[in-house]
Structures are given as C-alpha cells and as structure tokens.
Amino acid sequence: MRHIAIVGSGPAGYYTAEAAQKQWGDDVRVDVIDMLPVPYGLIRTGVAPDHQSIKAVSQRYEKTALTENVRFVGNVMIGRDISAKELKALYDAVVFATGAPNDRALGLPGEDLRNVFGSAAFVGWYNGHPQFADLDPDLSGRNAVVIGMGNVALDVARILSKTDSEFEGSDIVAHALDLLRNSRISTITIVGRRGPHQIMMTPKELSELMNLARASPRVDPADLPEPEEDAFLEPGVRKSVCLLRSFAAIPESERADKTIEIDFDMFASPRRFIGEGKVSALEIERTRVESGRAVGTGEAYTIPADLVVSCIGYRSSPIPDVPFDERAGRFANDGGRIESGLYCVGWARRGPTGTIGTNRPDGFSVVEKIAEDFDTGAIANVPREGRVGLDKLINERGIEVVTFRDWKKIEEAEEQAAREGAPREKFVDVEAMIRARQ
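What counts, and at which threshold
- Residues numbered from 1 in each chain as written.
- Predicted model: local features only at pLDDT ≥ 70, side-chain atom pairs only at ≥ 80, totals over all residues.
- Heavy atoms only, no water.
- Helix = DSSP H or I, 4+ residues; strand = E, 2+ residues; numbered from the N terminus.
- Rg over C-alpha atoms; globule rule 2.2 N^0.38 Å.
- Buried < 20%, exposed > 50% of the residue type's maximum accessible area, 1.4 Å probe, protein only.
- Areas by Shrake-Rupley, 256 points an atom, 1.4 Å probe, with all protein chains shown as cover.
- Core = buried A, V, L, I, M, F, W, Y, C linked by side-chain atoms within 4.5 Å.
- Salt bridge = Lys/Arg side-chain N within 4 Å of Asp/Glu carboxyl O.
- Contact = heavy atoms within 4.5 Å.
- Arc of directions from axis to C-beta.
- Phe/Tyr/Trp six-rings, centres within 6.5 Å; stacked < 30°, edge-to-face > 60°.
- Lys NZ or Arg CZ within 6 Å of the ring centre and 35° of its normal.
- Pairing = 2+ DSSP bridges.
- 1 Å grid on protein atoms, 1.4 Å probe; cavity = no way out; pocket = protein on both sides within 12 Å on 5 of 7 lines; lining within 4 Å.
- Points joined across faces, edges and corners; volume = space filled by probe spheres on them.
- Nonpolar A, V, L, I, M, F, W, Y, C, P; charged D, E, K, R; others polar.
- Axes fitted to C-alpha atoms, helices over the stretch in contact; angles between N-to-C directions.

A.B. asks: So, the overall build of the chain: which residues are in play, and what are the values?
C.D. replies: The secondary structure content of the chain amounts to 16 helices and 19 strands. In terms of overall size, the chain behaves like a compact globule, its C-alpha atoms giving a radius of gyration of 23 Å where 438 residues would be expected to give roughly 22 Å. With respect to the three principal axes, the spread of C-alpha positions in the chain is 70 × 50 × 40 Å. The buried share of the chain, taken over its 438 residues, is 52%. Counting every atom, the chain has about 19200 Å² of accessible surface; 48% of that belongs to carbon and sulfur.

A.B. asks: Before we move on, could you go through the nonpolar core and cite the residues and values that matter?
C.D. replies: Counting residues in each nonpolar core, the largest one holds 46 residues, and the members touching the most others are Leu160, Leu206 and Phe264. Counting 40 residues, the second largest nonpolar core, distinct from the first, contains Tyr14, Val30, Ala97 and Val367.

A.B. asks: Explain the pattern of salt bridges to me, using residue names and the numbers behind them.
C.D. replies: Taken as a whole, this structure holds 39 salt bridges when the rule is applied. Asp362 is the salt-bridge partner of Arg350, the closest N and O atoms lying 2.8 Å from each other. With Arg350 in helix H12 (residues 347-350) and Asp362 in helix H13 (residues 359-376), the pair connects residues that are 12 residues apart, well separated along the chain. For Asp362, a relative accessible area of 7% puts it in the buried group. Here Arg437 makes a salt bridge to Glu400, at a shortest N to O gap of 2.8 Å. On the criterion of sequence distance, the pair formed by Arg437 in the segment after helix H16 (430-436) and Glu400 in the loop between helix H14 (387-396) and helix H15 (404-416) is long-range, its members being 37 residues apart.

A.B. asks: Mind laying out the environment of Cys311, listing which residues take part and the relevant values?
C.D. replies: Counting through the fold element by element, Cys311 comes out in the loop between strand E14 (307-310) and strand E15 (314-315). Overall, the relative accessible area of 10% leaves Cys311 in the buried class. Once the C-alpha coordinates of Cys311 and Ala153 are considered, the two residues, 158 residues apart in sequence, prove to be 5.6 Å apart. Beyond its immediate chain neighbours, meaning those up to four positions away, Cys311 contacts Ser119, Val146, Ile147, Gly148, Val152, Ala153 and Val156.

A.B. asks: I'd love a proper account of helix H8 (residues 174-181), names of residues and values included.
C.D. replies: Of the positions making up H8, those classed as buried are Ala176, Leu177 and Leu180. On an axial view of H8, the arc spanned by its buried residues comes to 100°, and they lie on one face. At its buried positions, H8 is contacted by helix H6 (119-127) and helix H7 (151-161).

A.B. asks: So what about the packing of aromatic side chains? Which residues, and what values?
C.D. replies: Each pair of aromatic rings is reported with the distance of its centres and the angle of its planes. Applying the stated criterion across every chain yields a total of 14 aromatic pairs. Ring plane angle 10° and centroid distance 6.0 Å describe the contact between Tyr14 and Tyr61, whose orientation is recorded as stacked. Of the two residues, Tyr14 sits in helix H1 (residues 11-24) while Tyr61 sits in helix H4 (residues 58-65), which places them 47 residues apart along the sequence. An angle of 90° between the planes, with centres 5.6 Å apart, marks the rings of Phe324 and Phe331 as edge-to-face. When sorted by exposure, Phe324 lands in the same class as Phe331, which is buried. Taken together through their ring pairs, the aromatic side chains of Tyr14, Tyr15, Tyr40, Tyr61 and Trp407 make up a single cluster. Between Arg2 and the ring centre of Phe374, over which it is positioned, the NZ or CZ distance is 3.9 Å.

A.B. asks: I'd like a description of the pairing of strand E12 (residues 278-290), backed by residues and values.
C.D. replies: Pairing analysis gives 8 bridges linking strand E11 (residues 268-276) to E12, with the strands arranged antiparallel. Within the sheet, the bridge partner assigned to Ile274 lies in E12 and is Ala281. The pairing of E12 with strand E13 (residues 293-304) spans 9 bridges and is classified as antiparallel. Each bridged residue has a counterpart across the sheet, and for Val289 the counterpart in E13 is Ala294. From the end of E12 to the start of E13, which pair antiparallel, there are 2 residues, and Ser291 there has a positive phi angle of about 50°.

A.B. asks: Run through the side chain of Asp155, naming residues and quoting values.
C.D. replies: Inspection of the secondary structure puts Asp155 in helix H7. Taking the relative accessible area as the measure of exposure, Asp155 reaches 11% and is therefore buried. Once you skip the residues sitting within four places of it in the chain, Asp155 turns out to touch Ala48, His51 and Tyr126.

A.B. asks: Give a detailed account of the layout of surface pockets, specifying residues and quantitative values.
C.D. replies: Size it by volume and the second largest pocket reaches roughly 290 Å³. If you go around the second largest pocket, you meet 16 residues; those closest to its centre are Tyr40, Lys55, Ser58, Glu411 and Arg424. Every element with two or more residues in the lining of the second largest pocket is listed here: helix H2 (42-45), helix H3 (52-55), H4 and H15. The class makeup of the residues in the lining of the second largest pocket is 4 nonpolar, 3 polar and 9 charged.

A.B. asks: Could you give me a rundown of the sheet that holds strand E3 (residues 70-74), with the residues and numbers involved?
C.D. replies: Read from one edge to the other, the open sheet built from 6 strands follows the order E3-E2-E1-E4-E19-E18, with strand pairing classed as mixed. The open sheet is flanked by E3 and strand E18 (337-339), the only strands paired with a single partner. Adjacent strand axes in the sheet meet at a mean angle of 20°, parallel and antiparallel pairs treated alike. Both strand E4 (residues 93-96) and strand E19 (residues 342-344) contribute to a ladder of 3 bridges, which runs parallel. Within E19, the residue paired with Val94 across the bridge is Leu342. Of the strands in this sheet, strand E1 (2-7), E4, E18 and E19 touch H13, which is tilted by about 165° from E19.

Structure (structure tokens):
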C-alpha cells in the first residue's frame, strides 16, 4: 500500500490525488490536508465571484474526494499543528500543493500607507477568505489604481466597477457587496510598466469590460503600435491588442452615460506612494520597451490614488524543514521533486503561472516522479503508518479536524444562507465554519 499526503486542497492538490488513483488504483491511500476547514483553495477564494462557470470545476474534485482511498483532512496546518518532518516519517511521499497565497511586495516608498493592498488580500476580502475578511478597504474616494497587466488586475477593476444587479448569480460575500454598494469610485486606472504587445490579459477577460453597465474602458490611441505590427503576435495576444484598439475607438458619446472610467495607463512604472497616513497619490515614471523590458525614461508624473491594489504576482509560504527558494518565492525543486519523498506541484512548484487546467498535467507529472522514486528505491520500501499515524498525532494534540462529510454540511449551510440569486453565502470565519458542521 502506498501512503501519500498532499498538503493543499486546491486544483493542484486534487489533480495530484486523481493522478495517484490512476497510477496505483486501490493500492494507494491519499490524505489531502488543508489549513482551512473548507476545500478547493484558489477555486473558492481566488477565482472571481462572478466567474461561476470556472468554479464549477470543483465538481470534478468532489468526485475524487468522495472515493474510498482519498480523504480530506481540513483545519490542520502543516508547520504549525504537525511538522513537515513528522509528515514525511508517516507517508511514503508528501506533496506540497499549497499554492502561492502571499503578495509579492513592490518594495516602493509609502507601500505601508493605509488603503494600499496586495491582490491576494483584496481578492481574499471580496471572496471571503478568513484571513482577509476584516480588511475593510476605504472606497469613499474617487480614484482607484490597480497595478498590473494580468487577469487579476482585470478582476479587481471589474469588481470595483460593477452594479448590484451585475453581481446576481455570483458568490461575492455580503461584507464586500455592502461596501461596494456605497463605493464612490469613479475612475479606475490600470497601470502597466510595458505596452499593449506585452499585455498578459486574456481576450475573454478583457472583453468583459465592454459589457459593464456603468463603466467604460479607455485606452490612449498614442499608446497603440501601428496595426501592421500586430501580425507578429501570438494569436491570443493579438486578440487582446485588438480589444485594446476597440477601447481606444469608443466614441465620447457612448461614454456619456457611464459613471465609471477604466483607464489603461501603459508604459508606466510606479515609483512611490504619496500620502499622510493614507494613500492619496501615486508617482509614476514613464517607460519605453526595449527588448521586451520596461526601461525608465526619467519623465515622472503623479496620478490621484485614494485606493491602490497591487496585482504583480504571488509567493508561496515557506514551511520549516522544507527547502525554499526565497528569490523565486516557491519551494526549491527540480521539476517537482524537492528530494526523494518530498515533492511540490502547481504554483508551489513553478510560481504563479498558468491556468487552473495547467495544474492537471503538473499533478500527473509529479506522480510519475513519485512512481519513479519507488521503482529506483529512492523512496525506501519500508512500512509507513500513513493516515493511521496522522490520526494518532491529531488525537494526541487535540486538533479539531474537518472531514469532507463535515464540509458538505458547511456547504449546505452556506447555500441555505444565500441571498436571492446567489449560489451561497460563504462563512468568513473559521470558527463559524466548524460550528456549521454540527
């Protein structure tokens, strides 16, 4: 019998569990361990609440979770409740699928001013992550700035600009909806260091800006390259640039009845945040692109900023006794192998790149490496206690574990508490989650 522990219950974790089942069938026992009492990680607290079709992939993970040889172990934090060393002693292989839950810092003066947030915190706030439920951003100012040219920046800008009725069918949490309902933001500036040809935003997400009830996107035509230069772009990027061109061509008459403007400020590199206690402006340096890199021109200007959300990337959380690459912000690994018996997958392996679906081949790849290490003897063929040993530690330490059956009770309570038109109202407090299973 193979005993495998997977730390993290998001897409990477469950795709790895699925791969382990396909590799060893009934001869494997998989424990999926998560620090939260609820599963699905990024699907629950990272994917935008108005993208419910993407969240539906969790049905696939549930199918895996309900099988006899896969078990969900919620409300257990590795590195705090149980050490990585203890876990490695209990299981043949330990796979870290912990994602990249921490914001990359910009490292700029004034970054600690009030109302400057990283996207992990801000997205976690409107998605109901217990760690960020109390964020309480101030939306009383007129000017919001979103730093970054990826889909997360688009998510933040879109959420800030939507009306109440546009949130129908979403699972945005009540505390965020209440604040957004009274928001006074009228300008959202998306700041990117490079230009249209380096944009990371995908066409589907960009196109959503064209259908907002009260917001209109704006691009300065001067920022756009000559149309014939688009021919050399990868098809997806070309479609995105085509959308930017359509934003630039929106006539002023069509903007007249829109109360919010989403302004793309490209070739713009943030330099410092300005404010007395709370942010009020952002100093920016104009850039040019040389060999794909943004180079400062020395030309500086300032834009008003009552709220700033930085969407420039994420870092994994280090765990004691697990080799970590500080510079890259992920576990030190070679193709998912940290060392024999210790592995990582998803964003914990490669950093915050790729889509949710990218994690499936990633999970199957790391299971192939585990199988290889079994075959070569790199993983010692000795009896392991696996989940029996884990349960002993849990009982000895009085840890209150949440099972998948418990999660289904929590889910049912969230669905029953949903406002009209919403699929659920998430619990945003760990203790409330635990109480709801009873």
